[in-house]
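The primary structure of each chain is shown beneath.
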Amino acid sequence: MSADAGGGVSVAVDDDAVDRLLSVTPADVDAAAELTFARNVFLPLTTACRYTCTYCTYYDPPGEASLMSPEAVREQCRVGADAGCTEALFTFGDRPDDRYTEIFDRLDDWGFDSLLDYHVRACEIALEEGLLPHSNPGDLDEAAFRRLRDVNASMGVMLETTADVDAHGGSRRKTPAQRLATIRAAGEARVPFTTGILVGIGEDWRDRAESLLAIRALHERYGHVQEVIVQPVVPNDRSDFDAPSTETMRRVTAMARAALPESVSVQSPPNLAPVADLLDCGVDDLGGVSPVTDDYINPDYAWPALRELRDVADAGGVPLYERLPVHDRFLPDRFRRDDVAAATVPAADSREDADSPREDADSTREDADRWLHGDVPAALAGDDVHAARFRDVARRDGPLSTDPGAAADE
């Protein structure tokens, strides 16, 4: 693993490992024993973005980009908490640049020096209203992750691919090195993290294998990856990419399951992928699903109702459980079920930078409390109805698991 001149990261992947992974088929992996999902409320904090990826309908150009107000954030969080959600999913464009003058003027009017400052406040509002934030803020450095981790249960960013594809082209292009640097920075900050690959944007099979193995390498170094999304590109108003075939998704999903440690979940988004056809390929998680908001990143693809998720699980012969945005193994001991092993902090001397001491990188003990920071443990331990809901979900005593026939969540 090495850094480039622009601050990005290059992850070396063994060619033999790539070849072995390319030989994997669905017959080589086991179906998961269960399916999980998180009940969330989607909060598109801003649609301003420095990148102009050709498949993305989320970003808006300068003069059209939106920025949620604090009042809108609070109202949406209240709606989500009232609907039984546990997760506030904050999505962003990626570090909007100076072209977005209206966005920065509005932040200044609201008393915030930067989007990061406002992001912190938005997460605080979510916690106040009874939700655990999970943020997808794009490329960040370690200092930003350390600031945000005090108000986030978990965070994430899609790697998408390690290939240099035309879909990321243009004068403000997204690069694999930047994404890998972000995943590494989250590991350095000890943030439970979600990442994934995007299938069908011009990458080839070898690129897919290399991307999965790069994610594994970063996880082996930091222990912080909680799930990897295997997401198909989907047609939309800006994209002329065809959705990958079911057979393609079956093969690449099986590759993900084979590439990753058993403790890392393989996620398939149920509004975008043929999940029912992927259960025997190792999928064990359906990601965040909202009963109250749209998927603002893929607005043409509606969330399935929770009863439809149950139908998928029933057809696959596996139980369906609700989870928190942070996966079970990262929870503090007092909230984690007895049959769930704590996430392990990798030994400092296994890292390339072991001779450069860090404030909290010197322990190998299995202490899940080290994965949650700042205000988050208190949100789980509180004596209010929201904390009780979090603990019920962590114990799998939520309404979905205890009463499969209930209609309240449908």
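Residues numbered from 1 in each chain as written. Predicted model: local features only at pLDDT ≥ 70, side-chain atom pairs only at ≥ 80, totals over all residues. Heavy atoms only, no water.

1. Observations regarding the side chain of T47
Structurally, T47 is set in the loop between β3 (35-44) and α2 (70-82). A polar atom in the side chain of T47 sits 2.9 Å from the backbone nitrogen of S66. (Helix = DSSP H or I, 4+ residues; strand = E, 2+ residues; numbered from the N terminus. Polar contact = N/O pair within 3.5 Å; in protein donor to acceptor, adjacent residues only side chain to side chain.)

2. With respect to the state of the cysteines
Under the defined criterion, the tally for this structure stands at zero disulfides. Sulfur of C85: no disulfide; nearest cysteine sulfur belongs to C77 and is 9.7 Å away. (Disulfide = S-S within 2.5 Å.)

3. Considerations on the pattern of salt bridges
In total, this model carries 23 salt bridges according to the counting rule given. Across the salt bridge formed by E34 and R396, the nearest N and O atoms sit 2.6 Å from each other. Residue E34 is found in the loop between α1 (15-22) and β3, and its partner R396 is found in the loop between α11 (385-394) and α12 (399-402); the two are separated by 362 residues along the sequence. Note on E34: relative accessible area 27%, which makes it partly exposed. Residues joined by salt bridges that share partners form a network here, namely R74, R78, R121, E124, E128 and E129. (Salt bridge = Lys/Arg side-chain N within 4 Å of Asp/Glu carboxyl O. Buried < 20%, exposed > 50% of the residue type's maximum accessible area, 1.4 Å probe, protein only.)

4. Some details on α11
H386, A387, R389, F390, V393 and A394 are the residues of α11 that are buried. The arc that holds the buried residues of α11, viewed along the axis, is 155°, so those residues lie on one side. Tucked inside the fold, the buried residues of α11 contact α2, β5 (132-136), β11 (320-323) and α10 (376-381). After α11 finishes, the residue R396 shows a positive phi value of roughly 65°. (Arc of directions from axis to C-beta. Contact = heavy atoms within 4.5 Å.)

5. A look at the packing of α2 against helix α4 (residues 115-128)
Between α2 and α4, the least distance of the axes is 9 Å, while the angle of their chain directions is 30°. On the basis of their axis angle, the class for α2 and α4 is roughly parallel. As α2 packs across α4, the resulting crossing turns out to be right-handed. Every residue of α4 that contacts α2 at P70, V73, R74 and C77 is listed here: Y118, R121, A122, I125, A126 and E128. (Axes fitted to C-alpha atoms, helices over the stretch in contact; angles between N-to-C directions. Parallel < 35°, antiparallel > 145°, perpendicular 65-115°, else oblique. Left-handed = near helix turned anticlockwise from the far one by under 90°.)

6. Quick word on α1
A turn of α-helix holds 3.6 residues, and therefore any two residues three or four places apart point the same way. Considered for burial, the residues of α1 that qualify are A17, V18 and L21. Viewed along the axis of α1, the buried residues span an arc of 100°, placing them on a single side of the element. Along its buried surface, α1 packs onto α7 (205-222) and α8 (246-259). Its side-chain oxygen at 3.1 Å from the backbone nitrogen of D16, D14 defines the N-terminal cap of α1.

7. Notes on the pairing of strand β4 (residues 87-91)
Across the five residues that make up β4, a large majority, five, are buried. Along β4, one buried face is formed by E87, L89 and T91 and the opposite face, lined by A88 and F90, is buried too. Pairing of β4 with β5 involves five bridges; the strand directions are parallel. Note on β5: the bridge partner recorded for L89 is H134. (Pairing = 2+ DSSP bridges.)

8. Details of the nonpolar core
Generally speaking, soluble globular proteins have nonpolar side chains that are buried together. Grouped together as the largest cluster of nonpolar side chains are 103 residues, with contacts concentrated most on V73, F90, L132, F145 and L324. The element best represented in this core is α4, accounting for eight residues. In this structure, V73 is in contact with L43, L45, M68, F90, Y118, A122 and I125, ignoring residues within four places of it in sequence. Counting residues in hydrophobic clusters, the runner-up holds 11 residues, among them C53, Y55, A163 and L198. (Core = buried A, V, L, I, M, F, W, Y, C linked by side-chain atoms within 4.5 Å.)

9. Considering the environment of T194
Residue placement: T194 occurs in strand β7 (residues 193-199). For T194, a relative accessible area of 6% puts it in the buried group. C-alpha separation for the pair T194 and V326, spaced 132 residues apart in sequence, amounts to 9.3 Å. A polar contact of 3.1 Å, which involves the side chain of T194, links it to the side chain of Q226.

10. Some remarks on unusual backbone geometry
We note that E160 has phi near 75°; this positive angle belongs to a residue other than glycine. Position of E160 relative to the elements: it lies in the loop between β6 (154-156) and α6 (176-188).

11. Describing the packing of α7 against α8
Orientation of α7 relative to α8, taken along the N-to-C sense of each, is 30°, at an axis distance of 10 Å. Relative to α8, the element α7 lies roughly parallel. Handedness of the crossing formed by α7 with α8: right-handed. Along its contact with α7, which presents W205, R208, A209, L212, L213 and R216, the element α8 presents T248, R251, V252, M255, A256 and A259. Class assignment of the residues belonging to the contact of α7 with α8 gives a composition of eight nonpolar, one polar and three charged. (Nonpolar A, V, L, I, M, F, W, Y, C, P; charged D, E, K, R; others polar.)

12. Examining the pairing of strand β8 (residues 225-232)
Most of β8 sits inside the fold, with eight of its eight residues counted as buried. Tracing the backbone out of β7, into α7 and back to the parallel element β8 gives a crossover that is right-handed. Sheet analysis places β8 next to strand β9 (residues 265-267), joined by three bridges and oriented parallel. Looking at β9, one finds that E227 is bridged to S265. (Right-handed = clockwise from strand over helix to strand, strands pointing away.)

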